[in-house]
Amino acid sequence: MNVFLSRMVVKAAGLVIYRKLAGKIEFLLLQASYPPHHWTPPKGHVDPGEDEWQAAIRETKEEANINKEQLTIHEDCHETLYYEAKGKPKSVKYWLALLNNPDDVSLSHEHQNWKWCELEDAVKIADYAEMGSLLRKFSGFLNTSR
Ligand SMILES: Nc1ncnc2c1ncn2[C@H]1C[C@H](O)[C@@H](COP(=O)(O)OP(=O)(O)OP(=O)(O)O)O1
Ligand SMILES: [Mg+2]
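- Going by what an unreviewed UniProt entry lists, the protein is known as Bis(5'-nucleosyl)-tetraphosphatase [asymmetrical] and is assigned to Caenorhabditis remanei.
- The Sequence similarities (unreviewed entry) field of the UniProt record for the protein holds the comment "Belongs to the Nudix hydrolase family."

Structure, rendered in structure tokens:
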């Protein structure tokens, strides 16, 4: 991406959180409380003075009430999505993270629901093609690193 474009891009970051339950891997998706009520992993905008890593961890705490200490973040498994949101180019960097204990999740006012989904369901519910590819890639990472 050239310098001009990279300055215009709205940066966001988040964590693709998964848990292992009954031998299955499930991904956490949160549903926006505002239209189009889309489902994404916890994520949000990078604040001034913050980098993407810090934003991913802060947003996960704010949106899903999950602390860094409850997670094992796979620092080497990450991917950035680029799309247009509200007429502006947006980038969202996601890292993969295990929720160590399959604890409850609680929501911020920005979300109205959450779901733990196995891969194929997560791909369907998250809906966007690039998010589907990202989830498949992260799932592949888990299958080869186990
Ligand atoms: N992977 C995607 N590809 C294309 N469009 C997407 C994708 N994810 C979400 N959108 C759409 C849904 C919304 O219309 C719009 C903004 O959604 P989103 O990027 O999730 O940010 P947001 O404004 O809801 O919250 P946040 O503060 O968490 O970034 O983009
Ligand atoms: Mg958000």
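### A short note on the side chain of Lys90
Right, on to step 1. Summarising the element assignment, Lys90 is placed in strand β6 (residues 88–99).
Right, on to step 2. We note that Lys90 is buried and unpaired, the nearest opposite charge coming from Glu63 at a distance of 8.8 Å.
Right, on to step 3. Beyond its immediate sequence surroundings of up to four residues, Lys90 is in contact with Val9, Val10, Ala12, Lys43, His45, Leu81, Tyr82, Tyr83 and Ala85.

### Side note on the site of ligand 1
Right, on to step 1. The full set close to ligand 1 counts 14 residues, and Tyr34, His38, Lys43, Tyr83 and Lys90 are the nearest of them.
Right, on to step 2. In this structure, Tyr34 approaches ligand 1 through a side-chain N or O atom, which is 2.6 Å from an oxygen atom.
Right, on to step 3. One nitrogen or oxygen atom from the side chain of Lys86 is found 3.2 Å from an oxygen atom belonging to ligand 1.
Right, on to step 4. Listed by contribution, the elements that provide at least two residues to the shell around ligand 1 are β4 (43–45) and β5 (71–85).
Right, on to step 5. Classifying every residue of the shell around ligand 1 by side-chain character gives six nonpolar, four polar and four charged.

### Let's talk about the pattern of salt bridges
Right, on to step 1. In total, this model carries eight salt bridges according to the counting rule given.
Right, on to step 2. We note a salt bridge from Glu50 to Arg58, for which the minimum N-O separation is 2.5 Å. One exposure class covers both Glu50 and Arg58, and it is buried.
Right, on to step 3. A salt bridge links Glu79 to Lys137; its shortest N-O distance comes to 2.4 Å. With a gap of 58 residues between them, Glu79 in strand β5 and Lys137 in helix α4 (residues 129–145) connect regions that are remote in the sequence.
Right, on to step 4. Here Glu79 falls in the partly exposed class, since its relative accessible area comes to 25%.
Right, on to step 5. Because the salt bridges share partners, they merge into one network encompassing Asp47, Glu50, Arg58, Glu59 and Glu62.

### Observations regarding α4
Quick reminder: α-helices carry 3.6 residues per turn. Residues three or four places apart thus point the same way.
Right, on to step 1. A rise of 1.5 Å per residue sets the reference length of α4, with its 17 residues, at 24 Å; its end C-alpha atoms lie 24 Å apart and thus fit the reference within 8%.
Right, on to step 2. Turning to α4, its buried residues are Met131, Gly132, Leu134, Leu135, Phe138, Ser139, Phe141 and Leu142.
Right, on to step 3. Looking at the buried residues of α4, the elements they touch are β1 (10–21), β2 (24–32), β5, β6 and α3 (119–126).

### Comments concerning the coordination of the magnesium ion (ligand 2)
Right, on to step 1. Listed as protein donors to the magnesium ion (ligand 2) are Lys43 (O) and Glu63 (OE); their distances from the metal cover 2.0 to 2.2 Å. Residue Lys43 is located in strand β4, and its partner Glu63 is located in helix α2 (residues 52–64); the two are separated by 20 residues in the primary sequence. The exposure classification of Lys43 matches that of Glu63, with both residues buried.

Reading the values: rules and limits
- Residues numbered from 1 in each chain as written.
- Chains lettered and ligands numbered in written order.
- Predicted model: local features only at pLDDT ≥ 70, side-chain atom pairs only at ≥ 80, totals over all residues.
- Heavy atoms only, no water.
- UniProt positions renumbered as here; feature names shortened; annotations may be inferred.
- Helix = DSSP H or I, 4+ residues; strand = E, 2+ residues; numbered from the N terminus.
- Buried < 20%, exposed > 50% of the residue type's maximum accessible area, 1.4 Å probe, protein only.
- Lys, Arg positive; Asp, Glu negative; His and termini not counted.
- Salt bridge = Lys/Arg side-chain N within 4 Å of Asp/Glu carboxyl O.
- Contact = heavy atoms within 4.5 Å.
- Near = heavy atom within 4 Å.
- Polar contact = N/O pair within 3.5 Å; in protein donor to acceptor, adjacent residues only side chain to side chain.
- Nonpolar A, V, L, I, M, F, W, Y, C, P; charged D, E, K, R; others polar.
- Expected span 1.5 Å × (residues − 1).
- Donors = N, O, S within 2.8 Å, 3.2 Å for Na, K, Ca; no water.

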